[in-house]
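# What the coordinates show
In case you want the letters, here they are:
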Amino acid sequence: MKKIFLPVVALLVGLLVMVARGPMTPNDKLRVAEAVVANYYVDTVNEDKLVEAAIVGMLKELDPHSSYTNAEETKAMNEPLEGSFSGVGISYNLNQDTLYVLQVVSGGPSERVGILPGDRVIAVDDSIIAGVKMTTAKIMKKLRGPKGTKVKMQVLRRSFGKPDQTIDFVVTRDVIPIHSVDAAYMADPATGYIRLNKFAATTPDEFRKAAEKLRKQGMKNLILDLTDNGGGYLSAATQLLGEMLAPGSLTVYTEGVNSPRQEISASPRGSMPLFADGRLVVMANQYSASASEILSGAVQDWDRGLIVGRRTFGKGLVQRPFPFPDGSMMRLTIAHYYTPTGRDIQKPYTKGQGDAYAKDILTRYNQGELMHADSIHYADSLRVNTLRFGRPIYGGGGISPDVFVPLDTTFYSDYYRDLNAKGLVNQFAIRYTDANRKAIKQQYKNAEAFEKNFAVTNQMVDDLVALAEKEGVKLRPEGLERSRATIENVVKAIVARDVYGDDDLFFRILNSNNDIYREALRLIQSPDYDRLLSAPQQ
């Protein structure tokens, strides 16, 4: 009894001292609650987890983007944006419990020891990873490690017309760059195409390098693909805008109750912007967010180019990181992003109702917004005019395109959904490449010849259908017919990248079936570009 009584007395004394100081503050209340639970709860509690849960619960009552991550989650979140990590230098696919090497990084650790595309990794160090249902995260953890450390990799190599070989390699880990430019190629003799998957620390340099390469090939106009780009560093977006807008032009400003207005102006790296002239079309869709919206919004506000696609996500809240000594981090929203005309990028939300916010894309789909431009309703009170030509544009969340491209649902079928759910299109393409790599290279001497002349045959489609049957996906003839062109396009793109190790080729083939890309290319080649950009639209 005495043992229990004394802490109670101590706690009561502490409470009396707090009361004597004045009304109990929320901070006092939180500390007392944690102490009471830690000392008097019926079972043993993990105080670290208890505090983390309290932080998570507190942030949930705020906006949808304030968040807490533990040390491991924080490292994984920051790594892609920093632009590099230490590892073995392969891109891979986990295909039926087997790690299949898709590409090796040029000059990287795996290439240096002789690992090739098509190799199957059986074991890493002393751990068998083939056929044991290991997750991608666990495999990644085994392959990555500090620079200079060594890892043993056992691979199975299948050679055309020869017995399979099991080969042991010792790979010395090294710094592996994470690229944000997926592809950069000439879409026509005067038009370059650059696709960005994120805005990372290395993005501005990657973009400049890609743009310089395309200029040497004759680029006068540019299609910048930001579809599915969820954003990243604000500074990366504003540095890119510095290469597109007149120096000194406002790119974005931020403001919050406790954060005074801060403006960022366009500033090129050199004496003049890298791409100050020429037609510019930015591809965007409902998954383009944050930094993608900052760039799109500034391009639209200054009439520098046209936005083509669908309304962007609407993530316009600024998070400031607050790191803890243990490596965990709280990212707290401190301000809103505003485009140069004063449009608030953030879509509406209700504090504490994260579920509805998370389902916003589905709500847009159900309401028809993704398929029909007239399903988007703009409030006149949110109307502003562009800064050069006075075109009316609207705020209210996200960046609405100048030219709407509906989501294409004509190719969709339940059969295609089921094929994708089990990864069967990808599996088939990998198997086909594995069996035919040498023959493909003999028949198509280079990537251009493959792109122009290779076609997915009826036999290949039949083989895919047979594979699907074995995996429990029954043929639905009407579904196959509806989705056939898309299936053939994806298979061809995967085979191309696997055989030639060429990401530009992969996206050139995929884009041939991409409605937003086709409309962007049509506009940039058409008199409609100038008409849409300069004439006020009612």
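Residues numbered from 1 in each chain as written. Predicted model: local features only at pLDDT ≥ 70, side-chain atom pairs only at ≥ 80, totals over all residues. Heavy atoms only, no water.

### Details of the overall build of the chain
A tally of helices and strands in the chain yields 19 helices and 21 strands. Dimensions of the chain along its principal axes, counting C-alpha atoms only, are 85 × 65 × 50 Å. Relative to its full complement of 538 residues, the chain shows a buried share of 46%. On the chain, roughly 27,300 Å² of surface is accessible, and the fraction owed to carbon and sulfur atoms is 54%. Side-chain charges of the chain comprise 66 positive and 63 negative groups, with the mean position of each set lying 3 Å from the other. (Helix = DSSP H or I, 4+ residues; strand = E, 2+ residues; numbered from the N terminus. Buried < 20%, exposed > 50% of the residue type's maximum accessible area, 1.4 Å probe, protein only. Areas by Shrake-Rupley, 256 points an atom, 1.4 Å probe, with all protein chains shown as cover. Lys, Arg positive; Asp, Glu negative; His and termini not counted. Charge placed at Lys NZ, Arg CZ, Asp CG, Glu CD.)

### Details of the pairing of strand S17 (residues 317-323)
With seven bridges connecting them, S17 and strand S18 (residues 329-338) associate as antiparallel partners. Bridge assignment links Gln319 to a residue of S18, and that residue is Thr333. Between the end of S17 and the start of S18, which pair antiparallel, lie five residues, with Gly327 showing a positive phi angle near 95°. (Pairing = 2+ DSSP bridges.)

### Things to note about the nonpolar core
If you look at the biggest cluster of nonpolar residues, it comprises 92 residues, and the most contacted ones within it are Ile194, Phe199, Leu224, Leu280, Leu295, Phe450 and Val491. Ranked by residues supplied to this core, first place goes to helix H16 (residues 477-500) with 10 residues. In this view, Leu280 contacts Leu222, Leu224, Met244, Phe275, Val299, Arg304, Gly305, Leu306 and Tyr529; residues no more than four positions away in its chain are not counted. Val88, Leu99, Val104 and Val121 belong to the second-largest nonpolar core, a separate cluster that totals 18 residues. (Core = buried A, V, L, I, M, F, W, Y, C linked by side-chain atoms within 4.5 Å. Contact = heavy atoms within 4.5 Å.)

### Structural notes on the environment of Pro527
Note on placement: Pro527 falls in the loop between helix H18 (515-524) and helix H19 (528-534). Accessibility expressed as a relative area gives 66% for Pro527, which makes it exposed. Measuring from C-alpha to C-alpha, the distance between Pro527 and Tyr432 comes to 44 Å, with 95 residues separating the pair along the chain.

### Observations concerning the pattern of salt bridges
Summed over all chains, the structure comprises 31 salt bridges. In this structure, Arg120 and Asp434 form a salt bridge, with 3.0 Å as the shortest nitrogen-oxygen distance. One end of the pair, Arg120, is in strand S5 (residues 120-124); the other, Asp434, is in helix H13 (residues 424-443), and 314 residues separate them in sequence. On the basis of relative accessible area, Arg120 is assigned to the buried category, the value being 11%. We note a salt bridge from Arg311 to Glu369, for which the minimum N-O separation is 2.9 Å. Of this pair, Arg311 sits in the loop between strand S16 (306-309) and S17 while Glu369 sits in the loop between helix H11 (360-366) and strand S19 (383-385), and the two are 58 residues apart along the sequence. One exposure class covers both Arg311 and Glu369, and it is buried. Each of Arg311, Lys347, Asp360, Arg364 and Glu369 takes part in salt bridges that share partners, so that together they form one network. (Salt bridge = Lys/Arg side-chain N within 4 Å of Asp/Glu carboxyl O.)

### Remarks on the packing of aromatic side chains
Enumeration according to the criterion identifies 12 aromatic pairs in this entry. Ring centres of Tyr444 and Phe454 lie 5.9 Å apart, and the angle between their planes is 75°; this geometry places the pair in the edge-to-face category. Here Tyr444 is found in the loop between H13 and helix H14 (447-453), whereas its partner Phe454 is found in the loop between H14 and helix H15 (458-470), with 10 residues between them in sequence. The burial state of Tyr444 is the same as that of Phe454; both residues are buried. In this arrangement the basic side chain of Lys347 is found over the ring face of Phe313, its NZ or CZ atom lying 3.6 Å from the centre. (Phe/Tyr/Trp six-rings, centres within 6.5 Å; stacked < 30°, edge-to-face > 60°. Lys NZ or Arg CZ within 6 Å of the ring centre and 35° of its normal.)

### Concerning helix H3 (residues 47-60)
Here H3 spans 20 Å end to end across 14 residues, near enough to the 20 Å set by a 1.5 Å rise per residue. Sitting at the amino-terminal end of H3 is Asn46, which places a side-chain oxygen 3.0 Å from the backbone nitrogen of Asp48. (Expected span 1.5 Å × (residues − 1). Polar contact = N/O pair within 3.5 Å; in protein donor to acceptor, adjacent residues only side chain to side chain.)

### Brief notes about the side chain of Asp301
If you trace the backbone, Asp301 turns up in helix H9 (residues 291-301). Once you skip the residues sitting within four places of it in the chain, Asp301 turns out to touch Thr339, Pro340, Thr341, Arg343, Thr386, Leu387, Arg388 and Ile393.

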